[in-house]
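Analysis of the macromolecular model
Now for the letters of each chain:
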Amino acid sequence: MRLVILGGPGSGKSTQARQLCRHLGIVEISSGNILRRAIASQTDLGHKAQPYVEKGELVPDEILIEFMRQRLLQPDTAKGWVLEGYPRTAFQAEELDFLLEDLNQQLDWAIYLTVPESVMMTRSVARSQNQAQDSTPSTKSRLDDHPEIVPRRIELFYERTVPILEYYGYRQKLLTINGNQPSEQVQQNILHKLELDD
Ligand code: AP5
């Protein structure tokens, strides 16, 4: 199974991707997590991405596209994958299709988690507040969850990512799921649409 998860900030992409990968025994590839780890370890990718991520801007397409090309060539992707947070622009979506064609693979579905803008805002800001109170090193605070930055991420979601919905809809690959319900229910609905529920 090869899946893409689309949605705005705080829509639950990461939460759902993790559960789906556990259920299906496939690998989760999260562009946001990859970038945050690269920034924390100060790799070349991290240096390039940091100024964009900190401001809530999108990292330039060419950086992400090349990185994802390399990532999808790794052997752990053979059984399938869930791409979370990628693609995020029309150009990334087209390039992903070209790459899959090269690899003789096909995307099964693009899952779109819809939530109202107010929920995107409250979940993202709540996460930064929870992390600020938690002193364990594993819950590194996200600067891009700052209340002044989240609106920019939401704006970019509508400007740059929402147009991709039409791209996948036209190809009959789009599954739209209401993300504004308890996460277990969201997961059940995804599995049901994928015809993987019991
Ligand atoms: P990224 O990490 O992908 O940020 P995002 O899209 O804004 O998404 P989030 O991680 O904030 O939310 P999510 O939808 O994964 O929700 P989650 O499950 O965590 O990207 C960060 C940055 O990296 C970007 O701004 C950009 O700079 C750069 N970047 C990344 N990919 C890029 C790309 N392809 N191109 C260019 N730049 C890129 O849940 C959020 C919170 O809500 C959690 O606290 C969770 O517990 C809670 N929650 C989840 N589901 C529910 C539910 N059903 N009910 C109640 N609470 C819930």
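These numbers were taken from a predicted model, which means no experiment stands behind them. (Residues numbered from 1 in each chain as written. Predicted model: local features only at pLDDT ≥ 70, side-chain atom pairs only at ≥ 80, totals over all residues. Heavy atoms only, no water.)

Moving on to the pattern of salt bridges. This model, assessed by the stated rule, comprises 11 salt bridges. A salt bridge links Glu57 to Arg152, with the nearest nitrogen and oxygen atoms 2.8 Å apart. One end of the pair, Glu57, is in the loop between helix H3 (44-55) and helix H4 (61-72); the other, Arg152, is in helix H7 (residues 150-170), with 95 residues separating them in the sequence. For Glu57, a relative accessible area of 30% translates into the label partly exposed. The salt bridge partner of Arg127 is Asp145, with a shortest N-O separation of 2.7 Å. (Salt bridge = Lys/Arg side-chain N within 4 Å of Asp/Glu carboxyl O. Helix = DSSP H or I, 4+ residues; strand = E, 2+ residues; numbered from the N terminus. Buried < 20%, exposed > 50% of the residue type's maximum accessible area, 1.4 Å probe, protein only.)

Next up on the list: the sheet that holds strand S3 (residues 81-84). Judged by pairing direction, the sheet is parallel, and its 5 strands sit side by side in the order S2-S3-S1-S4-S5 without closing on themselves. Looking at strand neighbours, the two that pair on one side only are strand S2 (27-30) and strand S5 (174-178), the edges of this open sheet. Each adjacent strand pair in this sheet contributes to an overall mean axis angle of 20°, direction not counted. Of the strand pairs in this sheet, strand S1 (residues 2-7) and S3 are connected by 4 bridges, and their pairing is parallel. Bridge pairing links Ile5 to Glu84 in S3. On top of the sheet, H4 reaches S2 and S3; it is set at about 170° to S2, its chief contact. (Pairing = 2+ DSSP bridges. Axes fitted to C-alpha atoms, helices over the stretch in contact; angles between N-to-C directions. Contact = heavy atoms within 4.5 Å.)

Considering only enclosed or pocket space, the second largest pocket measures out at about 210 Å³ in volume. Taken together, Asp97, Phe98, Leu100, Glu101, Gln105, Gln106, Leu107, Tyr167, Tyr168, Arg171 and Lys173 make up the lining of the second largest pocket. Of all the elements in the fold, those that place two or more residues in the lining of the second largest pocket are helix H5 (90-102) and H7. Ranked by the residues each element gives to the lining of the second largest pocket, the list is headed by H5, at 4 residues. Looking at side-chain class alone, the lining of the second largest pocket contains 5 nonpolar, 2 polar and 4 charged residues. (1 Å grid on protein atoms, 1.4 Å probe; cavity = no way out; pocket = protein on both sides within 12 Å on 5 of 7 lines; lining within 4 Å. Points joined across faces, edges and corners; volume = space filled by probe spheres on them. Nonpolar A, V, L, I, M, F, W, Y, C, P; charged D, E, K, R; others polar.)

The next subject is the site of the ligand. Close contacts around the ligand come from 31 residues, with Thr15, Glu57, Arg88, Arg127 and Arg153 the closest. Measuring from an oxygen atom of the ligand, one finds a backbone N or O atom of Glu57 at 2.5 Å. Of all the secondary-structure elements, those providing two or more residues to the shell around the ligand are helix H1 (13-24), helix H2 (31-40) and helix H6 (117-133). Here the shell around the ligand takes 4 residues from H2, the largest share from any one element. By residue class, the composition of the shell around the ligand is 8 nonpolar, 13 polar and 10 charged. (Near = heavy atom within 4 Å. Polar contact = N/O pair within 3.5 Å; in protein donor to acceptor, adjacent residues only side chain to side chain.)

With that out of the way, let us pick up the packing of aromatic side chains. According to the stated counting rule, one finds 3 aromatic pairs in the structure shown. For the ring pair Tyr167 and Tyr168, a centre distance of 5.3 Å and an interplane angle of 90° mean the geometry is edge-to-face. Since its relative accessible area comes to 1%, Tyr168 is described here as buried. What links up through ring pairs into an aromatic cluster is the set Tyr112, Phe157 and Tyr158. Lying across the ring of Tyr167, Arg171 places its NZ or CZ 3.6 Å from the centre. (Phe/Tyr/Trp six-rings, centres within 6.5 Å; stacked < 30°, edge-to-face > 60°. Lys NZ or Arg CZ within 6 Å of the ring centre and 35° of its normal.)

Moving on to the environment of Glu159. By the element assignment, Glu159 lies in helix H7. As a C-alpha pair, Glu159 and Phe91 span 68 residues in sequence and 13 Å in three-dimensional space.

This next bit is on the pairing of strand S4 (residues 109-114). Put simply, side chains in a regular strand alternate between the two faces of the sheet. Pairing of S1 with S4, which is carried by 5 bridges, proceeds in the parallel orientation. Bridged to Leu3 within S4 is Trp109.

It is worth stressing that arrangement in space is one thing and function is another; only the former is reported here.
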